[in-house]
Amino acid sequence: MRLKDKVAIITGASVGIGQRTAELFIKEGAKVVVNSQSDRGAAVVDGIVAGGGEALFAQGKVQLEEDAQRIVESTIERFGRIDILVNNAGIVGTDTVDDADIANWDETFAVNVRGVFLMSKFSAQHMLKQGGGVIIHNASIAGVKGLKNRASYSASKGAVVALTKAMAMDYVDKNIRVNCINPGTTLTPSLQDRINAFDDPVAAKEMFISRQPMGRLGKPEEIATSILYLASDEASFITGATLNVDGGLTI
């Protein structure tokens, strides 16, 4: 019960890493606010409640100021505080700078960077009032390593890595820890959808696996356990850190 009675917001928590993180946090004693832009997050909350956990579904787009503020305020109304924010919501684009669609570039930054900023802004305001908290950004190894055809995604995730360090410095003396997870290639539903879109999905999956030194893709629960560690008191002396959970991809 490493998160007993802690209140956590997890964005993009209807599937994949976010869902596994929400379910793991519940097992560790937390009360969880599940966010997703669609209504799919409601099913995650229904499953949690059916299992005896406490959870709230907060639908909204994190890149919209009014939605981000409403997600945070609904958390305060229901649970009275915010101890942990996991900025997990994100989108992946495939492009190079010469062929990138400008609207898609802007949308990638809106979700991946502006969304992180807005959720952090409104959550931090409450954390400052209550005397502390933990913020964890889910970035990507694309933010620290060059990947082919990932220009907008890499740039946005590099911004999140830099923001992690800036926020950690701003709040290090205010009992708010800020850290960052950089997953490697992880077999989430999003990745599976991209694999299925290839003419040869089997070859595409092998291509993704081939760049992993461990010879396999990551599992969402492996990323979730790393997020749990940074959220827990076991990581109480860690702030401004970037944890690469990548099967050796950044060696």
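Provided above is the structure to which this section pertains.
Just so you know, these numbers come straight off a predicted model, no measurement behind them.

**Quick look at the environment of Phe25**
Stage number 1. One can find Phe25 in helix H1 (residues 16-27).
Stage number 2. For Phe25, a relative accessible area of 0% translates into the label buried.
Stage number 3. Expressed as a C-alpha distance, the spacing of Phe25 and Lys6, which sit 19 residues apart in the sequence, is 9.1 Å.
Stage number 4. Not counting residues up to four positions away in its chain, the partners in contact with Phe25 are Leu3, Ala8, Ile10, Ala30, Val32, Ile84, Val86, Ile227, Leu228 and Ala231.

**Structural notes on the sheet that holds strand S3 (residues 55-59)**
Stage number 1. Sheet architecture is open: 7 strands sit in the order S3-S2-S1-S4-S5-S6-S7, paired in parallel fashion. Since the sheet does not close on itself, it has two edges, and those belong to S3 and strand S7 (242-245), each with one partner. Pairwise comparison of adjacent strand axes, ignoring direction, gives a mean angle of 15 degrees for this sheet.
Stage number 2. When strand S6 (residues 176-183) meets S7, the two strands line up parallel, connected through 4 bridges. Paired with Cys180 across the strands is Thr242, a residue of S7.
Stage number 3. Against the sheet, H1 contacts strand S1 (7-10), strand S2 (31-36), strand S4 (84-87), strand S5 (133-138) and S6, and its axis sits at roughly 170 degrees relative to S1.

**Considerations on the pattern of salt bridges**
Stage number 1. Using the criterion set out here, one finds 7 salt bridges in the structure.
Stage number 2. Of the charged contacts, one joins Glu28 and Arg2 as a salt bridge, the two residues approaching to 3.4 Å between their closest N and O atoms. Taken together, the residues span a long stretch of sequence, with Glu28 in the loop between H1 and S2 and Arg2 in the segment before S1 at a distance of 26 residues.
Stage number 3. Note on Glu28: relative accessible area 13%, which makes it buried.
Stage number 4. For Arg2, the salt bridge is made with Glu234, and the minimal N-O distance between the two is 3.5 Å. Here the residue Arg2 occupies a position in the segment before S1, and Glu234 occupies one in the loop between helix H8 (220-231) and S7, the gap between them amounting to 232 residues.
Stage number 5. A residue is classified by how much of its surface remains accessible, and Arg2, at 37% relative accessible area, is partly exposed.
Stage number 6. Where salt bridges share partners, they join Arg2, Glu28 and Glu234 into one cluster.

Reading the values: rules and limits
- Residues numbered from 1 in each chain as written.
- Predicted model: local features only at pLDDT ≥ 70, side-chain atom pairs only at ≥ 80, totals over all residues.
- Heavy atoms only, no water.
- Helix = DSSP H or I, 4+ residues; strand = E, 2+ residues; numbered from the N terminus.
- Buried < 20%, exposed > 50% of the residue type's maximum accessible area, 1.4 Å probe, protein only.
- Contact = heavy atoms within 4.5 Å.
- Pairing = 2+ DSSP bridges.
- Axes fitted to C-alpha atoms, helices over the stretch in contact; angles between N-to-C directions.
- Salt bridge = Lys/Arg side-chain N within 4 Å of Asp/Glu carboxyl O.

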